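Structural features, examined
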Amino acid sequence: MTTVNFRFYAELNDLLPDRKLFSDQMIEFNGRQTVKHLIESQGIPHTEVDLILADSRSVGFDYIPQEGELISVYPVFESFDISLVNLLRPTPLREPKFVLDGHLGRLASYLRMLGFDSSYRNDFNDEELAEISVNEKRILLTRDRGLLKRDKVTHGFLIKTRDPRQQLLSVVRRFDLAKLIHPFTRCIACNGILEPVEKEEVIDLLEPKTRKYFDIFKRCTSCGKVFWAGSHHERMSRLIDWVINETPIS
Ligand SMILES: [Zn+2]
């Protein structure tokens, strides 16, 4: 029997059952167990973890904890610079791209509205979501903790709230997206890129009022949908202002 103490930091504590909050966890096990397995046995998906210290030494997921060690487990520091210590994850994603599970349709539209490449279909199954995340190097956003526990998934983020605005805020904060926002550059419907288009080119597609009151248009290069700065646009601008105001500047 081996006995090891685990200490979980910051938001990793949110994932632990209440009784374990803010205290070291003494874990006993038989045989050789990887630190990855022991962390996941506490209910924490490995994708949430970015740094593990065994008695102050940075170790990888395959490390076998030794009797009496203190294992410190830190959450993903996507938004912080910890380049001086060993990252556990493979190469960090340079430009954040996302794939979202079927429960996160509204969040997908919001992210597209802010200009982030967000793959979403309400009928992707778990296997497809994991495949897309790995093959297209997309961060998997999901409400399903089990999905993030799949070995294949290396970049993921657990969405903890049901409120789409709060979901958006948590993603922007977590991945430090505030400086990367390019509003109205991506199609909310299909994730395609928007390009400016002359009014004459799309005039036949417009309702009479739109034709009368608006002069600046963008068109999706994938699905052809036309966008203009109408009332919808104002609501979206307010949402973007809110997100930026709520995000601390780093
Ligand atoms: Zn489109």
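Source: prediction; values computed, not measured.

With that settled, the discussion passes to helix H3 (residues 126-135). Each full turn of the α-helix corresponds to 3.6 residues, which orients residues three or four apart in the same direction. Taken as a whole, H3 has its buried residues at Leu129, Ala130, Ile132 and Ser133. Looking straight down H3, one finds its buried side chains confined to an arc of 165°; they lie on one side. Considering only its buried residues, H3 is in contact with strand E6 (98-100), strand E7 (118-120), strand E8 (139-142) and helix H4 (145-148).

When you tally the buried positions in strand E3 (residues 49-54), you get six out of six residues, the bulk of the element. Where E3 and strand E5 (residues 70-75) come together, five bridges link them in antiparallel fashion. Each residue of the ladder has a partner; that of isoleucine 52, found in E5, is valine 73. Relative to strand E4 (residues 57-59), E3 runs antiparallel, the two sharing three bridges. Bridge pairing in E4 places alanine 54 opposite arginine 57. Linking E3 back to E4 in an antiparallel pair, the connection comprises two residues, with aspartate 55 at a positive phi of about 45°.

Here we take up the sheet that holds E6. Taking strand neighbours across the sheet as the criterion, the four strands line up as E7-E6-E8-E9 in an open arrangement whose pairing is parallel. Edge positions in the sheet fall to E7 and strand E9 (156-158), since each has one partner strand and no second. Neighbour to neighbour, the strand axes of the sheet diverge by 25° on average, direction disregarded. Pairing of E8 with E9 involves three bridges; the strand directions are parallel. Within E9, the residue paired with leucine 141 across the bridge is phenylalanine 157. Packed onto the sheet, H3 meets E6, E7 and E8 and runs at close to 175° relative to E6.

Backbone geometry places phenylalanine 184, a non-glycine residue, at a positive phi of 60°. Looking at the secondary structure, you find phenylalanine 184 in the loop between helix H5 (164-174) and strand E10 (194-197). In this model, asparagine 191 sits at a positive phi of 80°, which is unusual for a non-glycine residue. By the element assignment, asparagine 191 lies in the loop between H5 and E10.

Conventions and cut-offs
- Residues numbered from 1 in each chain as written.
- Predicted model: local features only at pLDDT ≥ 70, side-chain atom pairs only at ≥ 80, totals over all residues.
- Heavy atoms only, no water.
- Buried < 20%, exposed > 50% of the residue type's maximum accessible area, 1.4 Å probe, protein only.
- Helix = DSSP H or I, 4+ residues; strand = E, 2+ residues; numbered from the N terminus.
- Arc of directions from axis to C-beta.
- Contact = heavy atoms within 4.5 Å.
- Pairing = 2+ DSSP bridges.
- Axes fitted to C-alpha atoms, helices over the stretch in contact; angles between N-to-C directions.

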